[in-house]
Amino acid sequence: MGASPLVAYPNDVLQQQQHQHHRIPSQQSPFRRQPSVNPPSNGTPLLPGAGAGGRSSAPHPQPPATLDNLEQMNEDEKRKYVKGRKLGEGTYANVYLGHSRSDPSVLVAIKKIKVQKEYQDGLAPDAVRELKYLMELHHPNIISLLSVFSSKDQNLNLVLEYLPLGDLEMLIRNVDSVSYGAADIKAWMGMLTRAVFFCHDNFVLHRDIKPNNLLIAADGEVKLADFGLARSFADPGHKMTSNVITRWYRPPELLFGARHYSGAVDIWSVGCVFAELIIRNAFLPGDSEVEQIALICRHIGTPTEENWPGVTLLKEYTVPSDVVPVLGKEAYMGRFGAVGSEGVDLLVKTMILDPKNRITARQMLEHRWWRTDPKPTRKEDLPRKSGGGAEVKAAADLKRRPGVVADDEGPRGAKVARKLDFGAAKK
Amino acid sequence: MATEDVRYRESSQFRLWSFSHSQLAAMRENTNAKAVASISERLSSLGATVPPSSIPMDISAPTSTANTPDPEGGGGTPRLPEFLSPADEATMVTFYTAELMRAGAHAEFSDEIIATAATLFRRFYVTNSIMTYPPQEMLVVALFFGCKAEGAFPRITDFLKTFGRERPEEILAGEFLLFRGIRFSIDVKHPFRALRGAVMELRSLGDIEETRIEAAERRAKDILRFSPLITDAYFHYTPSQIMMAALSLADRSLAERLIQATFHHVNVPEISGTNSGADTPNPTTTNTKETNKSEDNKAFIIGSYVRDKVLGTIESCRDMLSKELPERKEHWANRAVYKAQVVPLKKKLNKCHDPDRWNLVELQKVRREQALSSTKKLDGSEDESAALKDDGAVFGSEAKRRKVSGNKKLEDPFGGPL
Ligand SMILES: Nc1ncnc2c1ncn2[C@@H]1O[C@H](COP(=O)(O)OP(=O)(O)O)[C@@H](O)[C@H]1O
C-alpha cells in the first residue's frame, strides 16, 4: 500500500486540519448592521435577522445569521406536517400521528428516531438502513416514505403513510373477536409475497419479517414495514452477520451461524408467518437459540448432510442427537390443512431446510395455490381488528427483538458490545 | 438493460440526483453566487467594527474592489476578499475527490464504499459551496458515511485511527450536515454490477477469447473505480451507460458487440470491426419488403432510433470519462500540480470561507443551543418562527425547482430536482 497518503507527500490536506479562522474581532459590536442597508451584490434577498445574528447574546463565534439553502428546505419540509399524539414506541423510534398542514384530513405517521445514548458513532444503523431502503422501494405492499426532515436537535423524522388498522399480529392473536378463513389468509399471504419478491428483485433482504412488521392500511392493504435491519445482497464472498431476524422467524442457516446467505432467509420467515396465520399461534416459539433449533428439528426435521449437503460445516451447527427425518407434506395436513393441499405444499416449500432448495419469492408467486379455490378475499372485505386491538397487542408484545451482536453491521440493540470488523469493509 | 433502466427511474439517484449538463452548471453557479452573497454579508457585518488599519493589507489593494462593490462607500468597512469562482470550486471538488479516493484506498475500503463516498461528497458540493463547508473535513465525513451507506458500521474511534485523526466530534458534527446535504438519499447505484453482467454476456456469445474478455474487464473496472467518480458521470448517465462507456474505452469493439447483441433485432451495419449481426438472423433484418409487416417496420424504426440514442449517450459518457482516465490519479497526487493549481485556491479559500460554518464542531454547538432555546415553545404548539414564515419563498426552493425541473413531476415528495 505504501506510505499513508494521509501523512505523506504530496500535501497536507488529509491531515488534522488547522482551525484557522477569520479574524473575528473579539469585541462584539452592539451596532451590527441591519441587513436592509447592505444588500448583497447579486440582489439575493436576505432573511430578516440576517446580520443581526438571531440571538444577540450569542457567544463567540456567533450563530450563523441565516439558514442556508438546505436548512431552509428542511424547514419547509418540516412545516408541511403537524405532529400529534404518540402512536407507539419502537426499539429505535417513537411514532406519532401527524397530518398535513395544508389539508388536515391527510394523516401521516411521523417516526422520530430516538437519540441512542449508547451508540456513540453518529447516525444509528437502524435509521441509516431504514431510510436507505424506504427511499428506493416503491411498492403497494411496502410502507411508503412521504418525506424526511430533521428537527432542530438533529433528530431524524421519517414521514410515513399512516396505517391505522394495526398489524397482522393483532389479527392473529385476537382470536375471540377476529375470525378469518383460507381466502383471507391467501389474500394476506399474496400481499406479503409480492412485497418480499419486490425487495429481492431489487437486491434487498428485509431480515426481520414477522407479523407485527406487517401493518395494515385503511383499505386493508398489507404493508411490509420496519427496514431497520435490511441490507443489500452482498457480493458473493462478502460476509454478513448471522444475527438477524427475530428468533421465532429465523431460519436454520442463520441459527447455525452462516455468514453467506440469500433471500431464502426471508422466505423462511414468510413460511413462519404463513403457518402462524393458519394456527393463530407462533409456529416455532423457541425461548433460546438452542430451543429454536430443537423446535425446527422436531417440527420440520433434523438438518443433516443428506438433506442439506454442507450443513455440518457451518460454524455453529449442533442438533439434538435424536435425528428426526424430514417430515412430508402429509404430516402437515392435520395442523395446516385449512389452506388445502396446495396451500400446505407451498408452506412446506418455504420451510425446506437447505436454503439452496427452498422456494424463491418468484417461484412462490408462480405456485398453483393462488389459482386454486378459494380465491383470495378482496382487500376491502378482509377482516379487521376490533376496538380492543391495541390492548391485545400490548399483551402479546413480547420482547422479540434480535440483538445483533458484534460485527461489521453494527448493533441493533443498544447494550451489546461492539467490535470493529474492518475486515468486512475491505475488498 | 431495458428493465434495469425502468427500475433505475424509481431510484433516488435518478429522481433527485440526475441532471442535464446545463441544469448542473446552473445549480453550481447558483450555489457559488449564494455563498458569495452570504459570506460577503457576513464578513461585512463582522468587520463593521474593525478599524481600517486592522484589515490585513493583502486582502484587497485599494484598486481591486471590482468584484466586491462596497455598498457603504468605503469608510470603516473592510474590503472583501477575493472569492472562488464556480470554476475554482470545480477544481477544488475534483482535487478533493481524488484525495478522498486516495484516503479510501489507503484504508482499504471496498470499491463500493469508496465510490459511494465520492459520489455523496460530490453531491454535497452541488448545493453547498466549498467556501461554506470545509472540503478536507467533509471528505473524511463522506468516507465515514460511505461505510454506513454500504452497510458497514465502523466505530468512529477505530475509523479515525485509520486516518491518524483523533477528534470524533469533527466527523460526527459533519455527518448530519452531509446527510441533509445529500437530501437523505443514501443509496448510490454503481456500474460494477452491470460490468459483471456484461462480462457474463460476452462470455455467452461464445466466440470471444477469454483473455481478451478478462483484459477488457480489468481495464473497465479500473476505469469505473476512478473516472466516473471524479467526473460528473453519475449525475448524467445511468450505471449501465457508464459501464458501457468504460467497456468501450477498454475495448471498443467488445462494447459494440454487446450493443449489437442488445439491439439484435435491429441490424447494426454501421458498427465496424464486428460481424454485423450475421449470427443473429432475424426477420426484421431480411429486407424482402413483402415479408416485412408494418409492425416489424415500426419495431425496426423505434429500435434503431433507441439504439442511435443509446450509442450517442454512451459516446458522450465515454468522452467525459476519457478526460479523467485512471492514469490521472498521479496527476492529482503530483506535487507540482498541487502547488500550481490547488495551493493558490487554498490561499484564496483561507480568506473567503464562511466564518459561521467553517468550524463544524462550533456550528453544531451553536445549532444545538438554538434548538434548546426554541424547544420550549415547540411541542404541541406550532413552530411559528417569524423568520421562517416570511422567508419560505425567499430561498424559494419552489421557484428554483420549477425552473430546472423540466418534465419531471413536480409533486415529488422530496422536492423534485434541486
Ligand atoms: N405507519 C404507521 N402507521 C400507524 N402506526 C404506526 C406506523 N408505524 C408504526 N406505528 C406504530 O408505532 C409502533 C412503533 O413502530 P416501530 O418503531 O416501527 O415499531 P417496532 O420497532 O416495534 O417495529 C408500532 O407498533 C405501531 O403501533
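Residues numbered from 1 in each chain as written. Chains lettered and ligands numbered in written order. Predicted model: local features only at pLDDT ≥ 70, side-chain atom pairs only at ≥ 80, totals over all residues. Heavy atoms only, no water.

(A) Fine view of the overall build of chain A. Counting its regular elements, chain A contains 12 helices and nine strands. Expressed as a percentage of the 427 residues in chain A, the buried residues total 56%. Carbon together with sulfur atoms contributes 55% to the accessible area of chain A, which is approximately 17700 Å² in total. (Helix = DSSP H or I, 4+ residues; strand = E, 2+ residues; numbered from the N terminus. Buried < 20%, exposed > 50% of the residue type's maximum accessible area, 1.4 Å probe, protein only. Areas by Shrake-Rupley, 256 points an atom, 1.4 Å probe, with all protein chains shown as cover.)

(B) Expanded view of the packing of aromatic side chains. Under the definition given, this model contains 23 aromatic pairs over all chains. Taken together, a centroid distance of 6.1 Å and an interplanar angle of 40 degrees make the contact between phenylalanine 19 of chain B and phenylalanine 235 of chain B tilted. Taken together, the positions of phenylalanine 19 of chain B in the loop between helix H2 (12–17) and helix H3 (21–47) and phenylalanine 235 of chain B in helix H12 (residues 233–236) put the pair 216 residues apart, joining distant regions of the chain. Neither residue differs from the other here; phenylalanine 19 of chain B and phenylalanine 235 of chain B are each classed as buried. Cluster of aromatic residues (ring-pair linked, three or more members): Phe109, Phe144, Phe159 and Phe163 of chain B. Seen from the ring of tyrosine 96 of chain A, lysine 83 of chain A lies directly overhead, with NZ or CZ sitting 4.5 Å from the centre. Positioned above the aromatic ring of phenylalanine 203 of chain A, the side-chain terminus of arginine 193 of chain B is 3.8 Å from the ring centre. (Phe/Tyr/Trp six-rings, centres within 6.5 Å; stacked < 30°, edge-to-face > 60°. Lys NZ or Arg CZ within 6 Å of the ring centre and 35° of its normal.)

(C) Structural context of the UniProt feature "active site" (unreviewed entry) in chain A. Residue and element names in this part refer to chain A. UniProt tags Asp208 as "active site" (unreviewed entry). Along the polypeptide, aspartate 208 turns up in the loop between strand E6 (204–205) and strand E7 (214–216). Look at aspartate 208 and you get buried, because its relative accessible area is 0%. (UniProt positions renumbered as here; feature names shortened; annotations may be inferred.)

(D) Looking closely at the confidence of the model for chain A. Residues and elements named next belong to chain A. The predicted model of chain A has a mean per-residue pLDDT of 79, with 73% of residues at 70 or higher. Across residues 1–65 the pLDDT falls below 50, and counting only partners more than four positions away or on other chains, this stretch makes 143 contacts in the model. Low pLDDT (under 50) marks residues 388–407, which in the prediction has 49 contacts with non-local residues, meaning those over four places away or in another chain. (pLDDT = per-residue confidence, 0-100. Contact = heavy atoms within 4.5 Å.)

(E) Focus on the environment of glycine 263 of chain A. Residues and elements named next belong to chain A. Looking at the secondary structure, you find glycine 263 in the loop between helix H5 (252–255) and helix H6 (264–279). What makes glycine 263 buried here is its relative accessible area of 9%. On a C-alpha basis, the gap between glycine 263 and arginine 378 in space is 28 Å, while along the polypeptide they are 115 residues apart. Residue contacts for glycine 263: discarding those within four places in its chain leaves His200, Leu205 and Phe233.

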